[in-house]
Amino acid sequence: MSKRFTTALALLAFAGLAVAAGPALQGEIKTQPTNWHAIIMFLIFVTMTMGITYWAAGRTKSTADFYTAGGGITGFQNGLAIAGDYMSAATLLGLTAMTFSRGYDAYIYMMAFFAGWPIILFLMAERLRNLGRFTFSDITSYRLDPSVRTMAALSSLVVVVFYLIAQMVGAGQLIKLLFGLEYNVAIFVVGVLMMVYVTVGGMVATTWVQIIKACLLLFGGTLVLILGFSQFGFSLTTLLEKAQAVHKQGASLMAPGSLLSDPVTALSLGLGLMFGTAGLPHILMRFFTVGNAKEARKSVLYASGFVGFFFNVIFLMGLVAILLVGQNPEYFEGGDIKGALIGGGNMVAMHLAHAVGGNMLLGFLAAVAFATILAVVSGLALAGASAIAHDIYARVIRKGECTDKEEIKVSRMATIALGILAIILGIAFEKQNIAFMVGLAFGVAAAANFPVLILSMYWKGLTTRGALWGGYGGVISAVLFVVFSKAVWVDVLHNAAPLFPYTQPALFAMPIAFFLAYVFSVSDSSARAAKERDAFEDQYVRAQTGFGASGASH
Amino acid sequence: MSSVIYDRIRRNPKFDQLVQKRGSFAWTLSAIVLVIFYGFFLLVAFNPKMLGQPIAEGSMWAIGYTAEMVMFIFFWLLTFLYVRRANGEFDDLTAEIIKEAQKETK
């Protein structure tokens with residue numbers, strides 16, 4: 001019993017940390033008494049976002065509206081939306097919990113999460129916006145055969161589905177915990193609301209849900225921190241002195257601990273988080289919702305500002321919680337501060353909200369956490385639907401010969417199918433150990449999506465044959481490395497020892513993908529390959545200048 | 001038709017200038033971020049003790065924490081620098097190049 005819940009909790013942390021070597025959270029989740037403050041505030045959020053969805057429906061007529069909000073989102077709005085996509089409920093809960101229990105190690109993870117953004121800006125944002133229209137597969141298949149589009153769409157779907165399962169199961173556990181709702185009810189509510197947002201309001205609604213939630217999250221987190229930090233006179237020195245005095249790590253609270261002591265794991269984690277981010281379809285899709293490269297660049301500037309700010313807030317929240325939660329018997333099972341936290345390790349942020357702002361603030365933060373999950377799964381569903389409807393149906397099956405109406409209809413059907421699939425898998429995986437799924441999603445994103453995408457933008461020599469080998473090679477090797485690692489081979493399949501000793505696949509799977517793409521491109525002497533290399537010139541000019549790029553439709 | 005314009009853009013010496021300037025700026029900034037980031041991760045892996053030391057005798061600020069906070073701010077400032085230059089100088093140059101290419105059509 002307790003073991004299953006521990007793994008579910010670990011999953012929540014993984015969803016935020018995207019690592020297989022996440023913190024081992026202790027304790028047991030119990031369904032909490034129904035939390036009316038939280039439910040009422042969540043209902044206000046749902047009412048508001050439903051209003052927006054209704055408004056958005058009137059503005060969703062073409063495929064461009066549906067997938068990319070007609071390119072009419074500003075850089076600032078999109079920056080908030082990207083930050084929202086990136087800061088999931090698990091980021092808030094998992095990273096606060098990790099700071100609470102392990103101190104400085106959590107801050108190192110945050111840097112690994114953050115540092116991808118400048119790189120995405122310098123090397124990708126502009127070209128993504130100038131070359132893409134609806135999906136990143138538009139870019140990889142720009143001058144290559146449609147089979148490359150199919151490959152990119154399939155690996156997008158792999159990423160989306162695994163990420164979605166992880167989010168759904170995490171959502172069910174979290175909502176059960178925070179709201180006192182039954183697991184299945186929670187999964188159902190998330191699935192249905194997500195289908196409504198996406199099918200009715202498309203990208204316009206999805207973006208605004210994300211923006212509102214990002215504002216609430218930034219506001220809620222900052223408020224909790226200010227209230228808590230004020231008890232220490234806003235002095236970091238005072239806070240650290242007191243925290244070190246009571247924490248089990250003592251003086252080494254602010255030193256790197258055991259999590260990243262192995263260099264290979266540390267490097268692989270850094271690579272996987274940095275380039276995995278640059279290969280997540282729902283994040284990449286956001287670059288097409290703005291009007292031009294100027295706004296795309298601004299999006300990253302704002303997004304990284306918000307993300308960086310919020311990570312620092314979360315870290316300080318965790319430190320404050322060491323004293324305000326960790327020293328208060330009220331938050332521990334049986335009132336024993338050496339024992340387990342009530343509700344489990346991931347409740348640190350929630351207990352802190354209660355400690356500094358009572359039931360109102362607790363309810364507010366719980367509602368924000370629920371809203372966060374909804375917004376993230378909506379973005380994922382839309383990214384998955386676009387891979388099915390735009391890439392596979394409209395471009396590959398119908399060869400571009402289908403009307404906007406037909407394509408939107410297929411997108412909506414795809415969204416509903418993904419929603420139903422998410423509900424079914426969410427329920428099916430409730431009791432499974434699924435900690436590997438986010439690691440797998442990031443692994444595939446970093447090892448399959450990213451290499452082919454970056455090569456198609458930067459390297460003239462990439463041919464269809466190379467892209468297919470690199471892409472499929474990346475997917476297969478990332479999947480195999482994860483399956484053979486401890487997270488699946490030992491923890492799920494119950495073998496004695498892992499076949500692959502490391503928890504992070506990126507350091508190994510990425511070079512394989514790049515190598516295959518390179519070898520099978522340069523050795524490709526077909527006429528098609530020659531033509532594809534020639535076509536790079538025009539693509540290059542468009543990537544650099546944005547001339548011919550799809551603009552805003554309103 | 002757009003292929004003709006792409007050709008003209010390509011032949012404009014200003015295009016090479018744009019690509020060269022922006023490219024070297026972007027790669028320089030990327031190199032700075034990557035070197036600092038992976039350098040930091042190597043320190044985490046090989047010399048974690050050092051990162052736990054205080055920045056000055058008796059201070060509560062550890063070297064690692066302080067350095068990382070500076071990295072957060074510094075990396076963000078680099079994105080700010082890039083966006084300012086790309087959205088100003090480089091985009092003006094781009095607009096000029098496109099305009100010149102389209103003028104030739106008439």
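Position labels on residues start from 1 in each chain and follow its written sequence. Chains and ligands are labelled sequentially in the order written, the chains with letters from A and the ligands with numbers from 1. Where totals are concerned, whole chains, interfaces and linings use all residues; where local detail is concerned, this predicted model gives features only for residues with pLDDT of at least 70, and gives and counts side-chain atom pairs only at 80 or more. Side-chain measures were taken over the full set of non-hydrogen atoms in the model, leaving aside hydrogen atoms and water.

By the naming in an unreviewed UniProt entry, chain B goes by DUF485 domain-containing protein and is assigned to Candidatus Accumulibacter meliphilus.

As recorded by an unreviewed UniProt entry, chain A carries the name Cation/acetate symporter ActP and is attributed to Candidatus Accumulibacter meliphilus. You can read under Subcellular location (unreviewed entry) in the UniProt record for chain A the words "Cell inner membrane". UniProt positions are given in the numbering used here, feature names are shortened, and annotations may be inferred rather than shown by experiment. Taken verbatim from the UniProt record of chain A, the Sequence similarities (unreviewed entry) comment is "Belongs to the sodium:solute symporter (SSF) (TC 2.A.21) family."

### As for the confidence of the model for chain A
Residues with a pLDDT of 70 or more make up 92% of chain A, whose mean pLDDT is 87. Predicted confidence is poor over residues 1-28 of chain A, with pLDDT under 50, and the contacts of this stretch with residues over four places away or in other chains come to 79 contacts. pLDDT expresses, on a scale from 0 to 100, how confident the predictor is about each individual residue. For this analysis, residues touch if any pair of their heavy atoms sits within 4.5 Å.

### A word on the confidence of the model for chain B
Fine structural detail should not be taken from predicted coordinates in areas where pLDDT scores are low. On average, residues of chain B carry a pLDDT of 90, and 95% of them reach 70 or more. What counts as a helix is a DSSP run of H or I of at least four residues, what counts as a strand is a run of E of at least two, and both are numbered from the N terminus. Helix α4 (residues 63-103) of chain B holds the highest mean pLDDT among the elements of chain B, 93, whereas helix α1 (residues 2-11) of chain B holds the lowest, 84.

### A few points about the side chain of Asn12 of chain B
Residues and elements named next belong to chain B. Tracing the backbone through its elements, the reader meets Asn12 in the loop between α1 and α2 (13-46). Taking the relative accessible area as the measure of exposure, Asn12 reaches 12% and is therefore buried. Polar contacts, as counted here, are pairs of nitrogen or oxygen atoms within 3.5 Å of one another; within protein the pair requires one atom able to donate a hydrogen and one able to accept it, and residues that are adjacent in sequence qualify only if both atoms are side-chain atoms. Only 3.0 Å separates the side chain of Asn12 from the backbone nitrogen of Lys14, close enough to count as a polar contact. Exposure is judged per residue with a 1.4 Å probe applied to protein chains only, and the accessible area is read against the type maximum: over 50% gives exposed, under 20% gives buried, and values in between give partly exposed.

### Description of the interface of chain B and chain A
In this complex, chain B contributes 49 residues to the contact, which on the side of chain A involves 53 residues. For the chain B and chain A pair, buried surface summed over both sides reaches about 4,800 Å², with 73% attributable to carbon and sulfur atoms. By salt bridge we mean one thing: a side-chain nitrogen of Lys or Arg within 4 Å of a carboxyl oxygen of Asp or Glu. The interface formed by chain B and chain A includes four salt bridges. Here Asp91 of chain B ties to Arg297 of chain A by a salt bridge, and the two come within 3.2 Å at their closest N and O atoms. Our count for the chain B to chain A interface comes out at 13 residue pairs in polar contact (both at pLDDT 80 or more). Take the side of chain B that touches chain A: its biggest share by element is 19 residues, from α4 of chain B. Lys, Arg, Asp and Glu make up the charged group, whereas Ala, Val, Leu, Ile, Met, Phe, Trp, Tyr, Cys and Pro make up the nonpolar group; the residues left over, Gly among them, are polar. Considering only residue class, the side of chain B that touches chain A consists of 36 nonpolar, nine polar and four charged. Once two parts are brought into contact, the accessible area they lose, counted with a 1.4 Å probe and summed over both, makes up the buried area.

### As for the side chain of Thr96 of chain A
Relative to the elements of secondary structure, Thr96 of chain A occurs in helix α5 (residues 89-102). When residues no more than four places from it in sequence are discounted, the contact partners of Thr96 of chain A are Thr91, Ile314, Met317, Gly318, Val348 and Ala349 of chain A.

### Some points on the packing of aromatic side chains
Each aromatic pair joins two rings of Phe, Tyr and Trp (for Trp, the six-membered one) with centres within 6.5 Å, and gets the label stacked for planes under 30 degrees apart, edge-to-face for over 60, and tilted for any other angle. In total, this model carries 43 aromatic pairs over all chains according to the counting rule given. Judged by centre distance (6.2 Å) and plane angle (75 degrees), the rings of Phe40 of chain B and Phe41 of chain B are edge-to-face. A relative accessible area of 5% places Phe40 of chain B in the buried class. Exposure remark for Phe41 of chain B: the relative accessible area of 2% places this residue in the buried category. Of the aromatic side chains, those joined through ring pairs into one cluster are Tyr104, Tyr107, Phe114 and Phe315 of chain A together with Trp61, Tyr65 and Phe72 of chain B. Seen from the ring of Tyr458 of chain A, Arg127 of chain A lies directly overhead, with NZ or CZ sitting 3.9 Å from the centre. We call a charge positioned above a ring when the Lys NZ or Arg CZ atom is no farther than 6 Å from the ring centre and deviates by at most 35 degrees from the ring normal. Over the ring of Phe25 of chain B we find Arg85 of chain B, and its NZ or CZ is 4.6 Å from the ring centre.

### Comments concerning a nonpolar patch on the surface
Residue and element names in this part refer to chain A. Surface patches are defined over residues having more than 30% relative accessible area and no salt bridge, joining like charges when they lie within 9 Å and nonpolar side chains (Val, Leu, Ile, Met, Phe, Trp, Tyr) when within 5 Å. Each accessible area is a Shrake-Rupley result for a 1.4 Å probe, and residues are judged covered by the shown protein chains and nothing else. Together, Leu154, Tyr472, Ile476 and Leu480 make up a nonpolar patch on the protein surface, roughly 340 Å² of accessible area in all. Among the elements that line the nonpolar patch, the one with the most residues is helix α18 (residues 464-484), at three residues. Mapping Leu480 onto the fold places it in helix α18.

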